[in-house]
Every structure is written in structure tokens, then in C-alpha cells.
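Reading the structure
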Amino acid sequence: MDPSAWDVAASVVDPELPMITLADLGVLRSVGEDDDGLGVTVTLTPTYSGCPATATMRDDLDHALRAAGWERVQVCLELSPPWSTDDITPPGRAALAAAGVSPPGPAPARPAAVPLRLAPTRYAARCPRCGSDRVELLSRFGPTACTAIHRCRACAEPFEHVKEV
Amino acid sequence: MSRTSEPGEESVYAGLVDATGADAAHWAFGSRAEDPLAGLDTSVPDGLDAAELARECLALGDDALVLGHRVSEWCSKAPELEEDIALANVALDLLGQARRLLARAAAADPGVLPVLPEGAAVGAPVAPEDALAFFRGPERFRSSRTAALTDADFAHAVVRLFWWASVRLAVLARARSHADPVLAAIAAAGVPEVAYHRDWAAAWVLTLARGTEESRRRTLTAVDALAPAYAELLGRHPHVRAEVAEVVGELFDRAGLEVPQAQDGVPRDELPDLLAEMQSVARAHPRGSW
């Protein structure tokens, strides 16, 4: 049996974190096939407002679905509700950890007045290499919009941690 | 990795584009920029004034665009590599917010779009947010003067960003329940981003204010120089004054700094100079496509 449009779209990986699929990252919101079976509409939610990978994700979805036989592919954006790291699936978290990227803890609430967080934040990070929770924040920002840089004080290795949003 | 050149091939990049099979959408300005609101219902809800909604989106979008440009000037110049990356990430988030907000303004009221230079729309259509960013004169921008100020040093950068982000966070948090669902969604996505920018800047204000004699001296100088900017930001958004004052007071207490009181002066107008640089490539090559 041919794979469904969802299966094809769900197998496309993130351009910046290629160990995780768009479905497991939680940015793939819906995939709908047209009645004639020739067209497909994909709904995608960007991670960050300025995420430079959004256009690449759209292109990669377009190409994967066309290669699988669909003639018309439309990729729509959905901004509400905004993406949250809570949308990353358990298999996605496992894939991140296996690749040396520390998966996020629970996302913080966003009340009406967002409290100031001054202290070096105690993230839920664990070293993805040795498993120690003796980790320290090196930089609040990292090589991609969604990660921060930490270092393990047990094995001394630096690693990326997906920021909770 | 190696690739074989074809005889007569002129551009070393030509094969790169072909190899990925990608269309040109994500390469740059003027090609086929992807619509930041693709697939969203951008009709204006009943009971909302489209022109007023567009002005509101322009004010928020222009402020993010202009400050994003200023912050991006720190690329390769920040005191540490990590902070260089931090500032670039802040600029990227702000640019993303600006694209959405400017696109939302143009969709609500196409009357905000400027007349394009001759030939600009030939070949490659100019995306609405690009038209607003690159082909409006400074008199039509609705950004704060604070956003356009040149940074004197790193202390100036973090004090300005802390104040600006504190105000913007309070404004965006309220806009999450805006009657326009598109603006509400853009605001909701921006809240965690701007909260992160504010907290990063706040941590640096604290570090510099309680650091060395020289870092404290520079922080005091920045607070003093930026006092009119703080007054301007609060004056533009009086409905968030109490909330912002609380956050600013909390940090300044811990940092041993005094919050500026009511100010008479206004910040310098540096927007024309900023736009002259930001718009120079688009204006010199209105038909540019690359």
C-alpha cells in the first residue's frame, strides 16, 4: 500500500536538527488530501517568529510530497496556538537525546505579567552524554533559535539544550 | 565532497541551487519570498477599523524592524562570541516579528503600501513587507526614536534592550487577546521571545552595574543617556506603565541603579540615517533578484 500523505510529510526532518522529524518536533499540524487524490494541503507552525528554517521546511515538504506522487502541494502556516516545546513528542525527545541534544523540560506558563528571571536559570537539563544533572548554562543563546549552550560539570562536555518555550 | 564543473558553467553557485532541487524562495530579497502569513485568514473582523488596525501593526512592526536592524549591527563586534550570537538571535526574532506585523498591516489596509520605484515590480513581485521595509521614507515609519538610537557601547545596548523589551513584552502580552485574531496570534508567538530578550538584557545590566568600576561607570552613563528613551517608551504605551515600572524597579533595585524620573528631552532622531543604510541595496537595485 502506498504511504499516506501524512506518512510522507511526517518523515521530513528538521533542516537544523536533522535527527528529528517535523512531526516529532510538533510543527506539523495537519495534512489533508484533496478529494481527487492529486493535491495535498499541509499546515505547519513555525517554532520562532524569525525561524530561518521555516522556508526550508516548506520546500522540503513540497518536494517530498511531489516525489511521492502528489501533483499539487500547498503549505499553509498556523500561528495559533503558538508552537511550544511541550509539542515535541516522546520519540522526538529520545531522538534529540540520542544525538547529544538535551531535550526540553516542561514549558513555563505565560501569565499576564511575565516575571523577570534574573538568576542563571536552573534548566531541566541533563548531560546527554553521561546523564549527570551537574550542568551549567554557558550561553542563553545557541547555534539555532531554539537551543542554549550548557556544559556538563561531571564530564566537562558542552552540549545544546532545547530552550523551554 | 566534490562536484564536477560542467564546461561553460559560469556561476559556482548554480549547481548548488540545482542540486537541492529547491525553488528560490528562501534565498533572498526580491526572489519569491515566502508569505509569512501563508494560508491565514487575513480578513478584518467586523467592528474593527482596518486602517487603525494597520497603524497598530505598523507601529509594532516598525519598532521591531528598526531595533532589529540596530541590534544586528553588533554581529562580529560583541564583547564575547556567546553575546554576539545572543544579539544576532534577538535581531532574528525581531525581524521575524516585523515581517509578520508588516504583512498583517498591508493585508488589513493595502493603502499603507508605498509607491514602488519604477521597475521594482517587474519580473519579481515585491512582497508587501519588503515594500514597507525598503521603500518607505522615514516620515512614514511609526517606530519609536528609541529603537533607532545608535549604541554607544555594550552597556548602552543592554540598558536600551532591557527597557524596550520590558515595554514590548507588556504590550504583546495584552495583544494576545486582541480582537484581530492574526495580530493576537503574532503577539502570542512573540511573548516568549521578548521575555527571553528582556531576561538576557536584565542579567547583563545586573552584571555590568555590579561588576568593575569601569563597567558600572558605563552602565550609569548609559542609563543617563537613555533617560529620554525610557520616557518615550512609557509615553507611547501609557497603559503598561505600572507593570513596566515594577519590573524595571525590581532590576534597578538589585543593580543599585536609579530609575530615571520624568524627562523633558526626547531621543535624537536617527531613523533617516538608519534607513539610508538599511534601504540602500533595495533602492539601488529595485529590480534586484538573487
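Residues numbered from 1 in each chain as written. Chains lettered and ligands numbered in written order. Predicted model: local features only at pLDDT ≥ 70, side-chain atom pairs only at ≥ 80, totals over all residues. Heavy atoms only, no water.

Here we look at the overall build of chain B
Along chain B, the regular secondary structure elements total twelve helices and zero strands. Counting helices and strands in the order they occur from the N terminus, chain B gives α-α-α-α-α-α-α-α-α-α-α-α. Looking at chain B residue by residue over its 290 residues, the buried ones come to 54%. In chain B, of all internal contacts separated by at least 6 residues, the share reaching a separation of at least 24 is 78%. (Helix = DSSP H or I, 4+ residues; strand = E, 2+ residues; numbered from the N terminus. Buried < 20%, exposed > 50% of the residue type's maximum accessible area, 1.4 Å probe, protein only. Contact = heavy atoms within 4.5 Å.)

A look at the overall build of chain A
When helices and strands are tallied, chain A shows four helices and seven strands. C-alpha atoms of chain A, sized along the principal axes, occupy 55 × 40 × 25 Å. A burial count over chain A gives 48% of its 165 residues as buried. Restricting the contact set of chain A to residue pairs at least 6 apart, pairs at least 24 apart contribute 52%. When the accessible surface of chain A is summed, it comes to about 7300 Å², and 53% of that surface belongs to carbon and sulfur atoms. Charge-centre separation for chain A: the mean point of 15 positive side chains lies 16 Å from the mean point of 21 negative side chains. (Areas by Shrake-Rupley, 256 points an atom, 1.4 Å probe, with all protein chains shown as cover. Lys, Arg positive; Asp, Glu negative; His and termini not counted. Charge placed at Lys NZ, Arg CZ, Asp CG, Glu CD.)

Comments concerning the interface of chain A and chain B
Between chain A and chain B, the contact holds 38 residues from the first and 47 residues from the second. The tally of links between chain A and chain B comes to zero salt bridges. Scanning the region where chain A abuts chain B turns up nine residue pairs in polar contact (both at pLDDT 80 or more). Broken down by secondary-structure element, the contributors of at least two residues to the side of chain A that touches chain B are helix 3 (54-67), strand 3 (72-77) and strand 5 (135-139) of chain A. (Salt bridge = Lys/Arg side-chain N within 4 Å of Asp/Glu carboxyl O. Polar contact = N/O pair within 3.5 Å; in protein donor to acceptor, adjacent residues only side chain to side chain.)

Quick notes on the pairing of strand 3 of chain A
All names here are of chain A. Relative to strand 3, strand 2 (residues 39-44) runs parallel, the two being bridged by six bridges. Its bridge partner lying in strand 3, V42 is registered against V75. Handedness of the β-α-β unit built from strand 2, helix 3 and strand 3 comes out right-handed. (Pairing = 2+ DSSP bridges. Right-handed = clockwise from strand over helix to strand, strands pointing away.)

A look at the nonpolar core
The biggest cluster of nonpolar side chains holds 97 residues, and the ones touching the most others in it are F162(B), W163(B), W200(B) and L251(B). Once residues within four sequence positions are removed from consideration, F162(B) is found in contact with L116(A), R198(B), A201(B), A202(B), V205(B), V247(B), V248(B), L251(B) and F252(B). With 34 residues, the next largest nonpolar core counts V12(A), L28(A), V40(A) and L65(A) among its residues. (Core = buried A, V, L, I, M, F, W, Y, C linked by side-chain atoms within 4.5 Å.)

Quick notes on the pairing of strand 1 (residues 28-33) of chain A
All names here are of chain A. Relative to strand 2, strand 1 is paired through five bridges, and the arrangement is antiparallel. Within strand 2, the residue paired with S30 across the bridge is T43. What sits between strand 1 and strand 2 in their antiparallel hairpin is a turn of five residues, with G37 showing a positive phi close to 75°.

What about helix 3 of chain A?
Residues and elements named next belong to chain A. Here helix 3 is 14 residues long and its end C-alpha atoms lie 20 Å apart, about the 20 Å a rise of 1.5 Å per residue gives. Every buried residue belonging to helix 3 is among T54, A55, T56, M57, R58, D59, L61, D62 and L65, and all of these are buried. If you follow the buried residues of helix 3, they end up packed against helix 1 (5-10), helix 2 (22-25), strand 1, strand 2 and strand 3. Within two residues after helix 3, G69 carries a phi angle of roughly 115°, on the positive side. (Expected span 1.5 Å × (residues − 1).)

Some details on the pattern of salt bridges
The final tally for this structure, using the stated rule, is 18 salt bridges over all chains. Close ionic contact of R58(A) with D59(A) constitutes a salt bridge, the shortest N to O distance being 2.9 Å. For the pair R58(A) and D59(A), a shared accessibility class is recorded, and that class is buried. Put simply, D153(B) and R218(B) hold a salt bridge, and the shortest N to O gap is 3.4 Å. Of this pair, D153(B) sits in the loop between helix 5 (145-148) and helix 6 (154-175) while R218(B) sits in helix 8 (residues 213-225), and the two are 65 residues apart along the sequence. What emerges from the salt-bridge pattern is a single network uniting R70(B), E73(B), R268(B) and E270(B).

Quick word on the sheet that holds strand 5 of chain A
Pairing between the strands of a sheet comes from backbone hydrogen bonds, and it takes one of two forms, parallel or antiparallel. Residues and elements named next belong to chain A. One open sheet accounts for four strands, arranged 4-7-6-5; its pairing is mixed. Strand pairing shows two members of the sheet lacking a second neighbour, strand 4 (101-102) and strand 5, which therefore form its edges. Here strand 5 pairs with strand 6 (residues 147-152) via four bridges, running antiparallel. Of the residues in strand 6, the one forming a bridge with L137 is H150.

A short note on the confidence of the model for chain A
Predicted coordinates in areas of low pLDDT are best not read in detail. For chain A, per-residue confidence averages 91 on the pLDDT scale, and residues scoring 70 or more make up 96% of the total. Within chain A, the element-level pLDDT minimum falls on strand 5 of chain A, averaging 90, and the maximum on helix 2 of chain A, averaging 97. (pLDDT = per-residue confidence, 0-100.)

Side note on the environment of R93(A)
All names here are of chain A. With respect to the secondary-structure elements, R93 resides in helix 4 (residues 90-98). Residue R93 is classed as partly exposed on the basis of its relative accessible area, which comes to 22%. Measuring from C-alpha to C-alpha, the distance between R93 and E33 comes to 29 Å, with 60 residues separating the pair along the chain. Contacts of R93, omitting those with residues within four sequence positions, involve T85, D86, I88, P103 and P104. In this structure the side chain of R93 is engaged in a polar contact, spanning 3.0 Å, whose partner is the backbone oxygen of I88.

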